[in-house]
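Observations on chain architecture
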Amino acid sequence: MKHQTLDQLHAVAKVQSSAAYSEMTRNQRIERWAELLEQHPERRLAAFTGTEYLRLEERDSVRGEGSAIAVAFEDPVLRASGLKDDSYGEAKRFFGLSDWQLHDIVCDCHVGATMKAGWAANRVRATIGGNRFIAWLRQRMMH
């Protein structure tokens with residue numbers, strides 16, 4: 001592999017920086033995650049088992065193929081923004097969530113072994129107070 005400077009690469013290819021993605025706010029990252037989940041709302045996702053019972057070190061290293069966190073990690077924009085892997089601890093760090101918030105999204109105690117991606121999207125969005133149904137319901141009750 002021949003190493004070239006950015007200027008040399010610009011001469012032969014269109015180079016786009018991922019710096020714009022690294023500027024995403026916490027809420028933008030969470031909203032993007034919810035949008036990714038909503039793209040296939042009926043998709044069955046794997047739930048994590050008993051996250052509240054795991055020791056912190058174990059909990060942070062838990063991964064689940066086909067989980068809501070794995071959906072986030074599949075996204076090149078979130079990876080370019082700093083999502084390093086699909087572990088519980090990394091999702092907690094990257095999205096700025098508490099254990100209880102992430103537990104509410106991914107744990108099996110709410111849904112069983114699997115959940116629909118649309119359900120997970122609502123839980124993700126609720127962490128920023130953006131649950132559309134609740135917002136709609138509040139608006140209807142006010143009028």
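A short tour of the structure in this document, coming up. (Residues numbered from 1 in each chain as written. Predicted model: local features only at pLDDT ≥ 70, side-chain atom pairs only at ≥ 80, totals over all residues. Heavy atoms only, no water.)

All told, the structure shown has 14 salt bridges when counted by the stated rule. Of the charged contacts, one joins arginine 32 and aspartate 75 as a salt bridge, the two residues approaching to 2.8 Å between their closest N and O atoms. Here arginine 32, found in helix α3 (residues 26-38), pairs with aspartate 75, found in the loop between α5 (68-74) and α6 (76-80); they are 43 residues apart in sequence, far enough to count as distant. You can call arginine 32 partly exposed: its relative accessible area is 25%. For aspartate 75, a relative accessible area of 6% gives the class buried. Of the charged contacts, one joins glutamate 38 and arginine 125 as a salt bridge, the two residues approaching to 2.5 Å between their closest N and O atoms. Taken together, the residues glutamate 38 in helix α3 and arginine 125 in helix α9 (residues 117-126) connect sequence positions 87 residues apart. Here glutamate 38 falls in the partly exposed class, since its relative accessible area comes to 27%. Taking the relative accessible area as the measure of exposure, arginine 125 reaches 2% and is therefore buried. (Salt bridge = Lys/Arg side-chain N within 4 Å of Asp/Glu carboxyl O. Helix = DSSP H or I, 4+ residues; strand = E, 2+ residues; numbered from the N terminus. Buried < 20%, exposed > 50% of the residue type's maximum accessible area, 1.4 Å probe, protein only.)

Turning our eyes to something else, we now look at the packing of α3 against α9. One can describe the packing of α3 onto α9 by two numbers: an axis separation of 8 Å at closest approach and a directional angle of 165°. In terms of orientation, α3 lies roughly antiparallel with respect to α9. Handedness of the crossing formed by α3 with α9: left-handed. On α9, the residues touching Ile30, Glu31, Trp33, Ala34, Glu35, Leu37 and Glu38 of α3 are Ala117, Gly118, Ala120, Ala121, Val124 and Arg125. (Axes fitted to C-alpha atoms, helices over the stretch in contact; angles between N-to-C directions. Parallel < 35°, antiparallel > 145°, perpendicular 65-115°, else oblique. Left-handed = near helix turned anticlockwise from the far one by under 90°. Contact = heavy atoms within 4.5 Å.)

The next thing to look at is the nonpolar core. One finds Trp33, Leu37, Leu45, Leu78, Phe95, Leu102 and Val106 to be the most contacted residues of the largest nonpolar core, which totals 29 residues. Only α3, α5, α6, α7 (88-95), α8 (99-106) and α9 provide two or more residues apiece to this core. Top element by residues in this core is α3. It accounts for five residues. Other than its neighbours up to four places away in sequence, tryptophan 33 contacts Ala68, Ile69, Ala72, Leu78, Phe95, Leu97, Leu102, Ile105 and Val124. (Core = buried A, V, L, I, M, F, W, Y, C linked by side-chain atoms within 4.5 Å.)

A complete count under the given rule lists three aromatic pairs for this structure. Ring centres of tryptophan 33 and phenylalanine 95 lie 4.3 Å apart, and the angle between their planes is 15°; on these two criteria the pair is classed as stacked. Of this pair, tryptophan 33 sits in helix α3 while phenylalanine 95 sits in helix α7; the two residues are 62 residues apart in sequence, bridging distant segments of the chain. You can call tryptophan 33 buried: its relative accessible area is 0%. Over the aromatic face of phenylalanine 94 sits the side chain of arginine 29, whose NZ or CZ is 4.9 Å from the ring centroid. We note arginine 79 situated over the ring of phenylalanine 73; from NZ or CZ to the ring centre the distance is 5.6 Å. (Phe/Tyr/Trp six-rings, centres within 6.5 Å; stacked < 30°, edge-to-face > 60°. Lys NZ or Arg CZ within 6 Å of the ring centre and 35° of its normal.)

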